[in-house]
Amino acid sequence: RDAITQANSLPNPGVITFAIPGACPRTITLASALPNITSPIIIDGSTQTGSSKNNAADAFNATLCVLVKPASGTIAKGFVAPSGAPTEASLTLRGIGMGGFGQPVLLIGGSNHVIAGNQFGGTVGGVPLPGAGLNAVSIGVNASGSLIVGGLNLADRNVIGGAGFSGIDVQGTVVSSPDKCQIVNNLIGLAPNAISALPNFTGITLGGSGCSVYSNRIAGNSNDNLWINGGSNNVVQRNILGVAINDSGFIGSAGLRISGGSGNIIGTSATSGINTSFLANTIRYNLDGGVLVVSGSNNSIRSNLIYDNGLSGEGMDIDLGANGATPNDADDADTGPNNLQNFPWTDLIVHPADDANPLDFVLNAHLNTLPGSYRIDAYFSNRCDNGAFHVTGRGHADAFVGTRLVTVPSGKNLVFSMPVTVPNALSTGVVSLTTTDALGNTSEIGSCAFLSNAQSDRIFANGFEGTGP
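So, a few notes on the structure that sits alongside this text. Since the structure is predicted, the reported quantities are computational estimates derived from the model, not experimental observations.

Calculation rules
- Residues numbered from 1 in each chain as written.
- Predicted model: local features only at pLDDT ≥ 70, side-chain atom pairs only at ≥ 80, totals over all residues.
- Heavy atoms only, no water.
- Helix = DSSP H or I, 4+ residues; strand = E, 2+ residues; numbered from the N terminus.
- Buried < 20%, exposed > 50% of the residue type's maximum accessible area, 1.4 Å probe, protein only.
- Contact = heavy atoms within 4.5 Å.
- Patch = residues over 30% accessible without salt bridge, like charges linked within 9 Å, V, L, I, M, F, W, Y side chains within 5 Å.
- Areas by Shrake-Rupley, 256 points an atom, 1.4 Å probe, with all protein chains shown as cover.
- Salt bridge = Lys/Arg side-chain N within 4 Å of Asp/Glu carboxyl O.
- Disulfide = S-S within 2.5 Å.
- Pairing = 2+ DSSP bridges.

**Considering the side chain of Asn-216**
Structurally, the position occupied by Asn-216 is in the loop between β20 (211-214) and β21 (217-218). Looking at Asn-216, the relative accessible area reads 2%, which means it is buried. Beyond its immediate stretch of four places on either side in the chain, Asn-216 contacts Ile-183, Val-184, Asn-185, Asn-186, Ile-188, Arg-238, Asn-239 and Ile-240.

Spelled out as structure tokens, the structure:
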């Protein structure tokens, strides 16, 4: 408390280090709330003797030797940058374990905040850290500049669990850019071993705009793992949603839910021609489905690996309207979430006779939609599901196997072909397609083309691409 008060009086950044006598961990028990952060302050618990930073690639093996919690009961707030704090007020918090607060970190003023290498909730060294009553880390109101939770270095990873609402809450007042607002490389809803659940209600609630959610493992949460609640122009890439490091899953609600947001990029942008899953999010084991677009438009959902969702793995992996499979309509005249973009139909799957690779195929398909440019993406799965909703069923996105840019003419009907290379040729294997328009409206994953029905045809040589009327 006294160190924060002194640091607040300094014109330059104050650095708070620790040398508390006794064995690790040492617990600082608070009788009342701490002073607000009104100057640039760095609080570094890793300076306490016995501390070590995380160096585990997938888990959190840091030794935290400074814990902060109430002496009894609950304190409403922990470290706070208040809404009226000057712009130069900033908090860098490292190497601290926190529990027993309504909101352990509340950043609603100041700028250039960094929360890295900490644990919120769970147990550290046998000391219980009760989860946040509301949100573990809240960002919003007048906070500006760099707003970073986690970081690319292994030592920057946070463990965030046990919150009554969100592990991380970015409020709708945040309007930023992905180079400044970053949630990176955290464990959210999982214990430090990245196997056991340490559930928040919701992993991340993203009401703000222009943030990057990158390379986090978000699983074990009671509700949605990631909820974009009105936020726009956010970039969500390379996250693992719903899966522990031992490949087990936790049945929560949705992997990612979009409610009212627009212009969000989930995986790859609408205009990118990238032909790999480098930017993919892996989304599995979510009861209500993989990506649910409840409302909003221009949300690009491309190149992701989405499968094994639903009670028995048969759930929707991209669900526009969150109401099950939506059939195509004539000329794509309907409106709704992501404009209820039509998906392409595969009419014929061909194995080129002059191609020696048994995993190479050519899809002959058609798309009925409004005139314009579209990105067609192809996905492979070893199963076809949702037959109860759609007569031919829907595929899944176990693997991203190809993309192609097409132009739909004024007649609103396009016949096209595209080559794909699949991971295997099992008899149950299928390929399914999605459509993404130039604004980013991605369709649901479409009907199944069974590899077992492929024909050999010398007309379609490997690499052949053509468009019809």
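From this point, the narrative continues.
**Some words on a nonpolar patch on the surface**
A grouping of Ile-251, Leu-287 and Leu-311 is seen on the molecular surface, where their side chains present a nonpolar patch of about 310 Å² in accessible area. Turning to its location among the elements, Leu-287 is positioned in the loop between β27 (282-283) and β28 (289-295). What makes Leu-287 partly exposed here is its relative accessible area of 35%.

**Concerning the state of the cysteines**
Counted under the stated rule, the structure contains three disulfides. Between Cys-24 and Cys-65 runs a disulfide, and the two sulfur atoms are separated by 2.0 Å. Where Cys-24 bonds to Cys-65 through sulfur, the torsion about that S-S bond is close to -95°, and the disulfide is left-handed. Taken together, the residues span a long stretch of sequence, with Cys-24 in the loop between β1 (14-16) and β2 (26-30) and Cys-65 in the loop between β3 (40-44) and β4 (66-70) at a distance of 41 residues. You can call Cys-24 partly exposed: its relative accessible area is 34%.

**With respect to the sheet that holds strand β35 (residues 399-408)**
Working definition: the strands of a sheet are paired by backbone hydrogen bonds and lie parallel or antiparallel to each other. Strand order in the open sheet made by the four strands is β35-β34-β37-β38, with antiparallel pairing throughout. Pairing within the sheet leaves two strands with one partner each, and these edge strands are β35 and β38 (449-450). Bridge count between strand β37 (residues 430-437) and β38: two bridges; the pairing is antiparallel. Its bridge partner lying in β38, Val-430 is registered against Phe-450.

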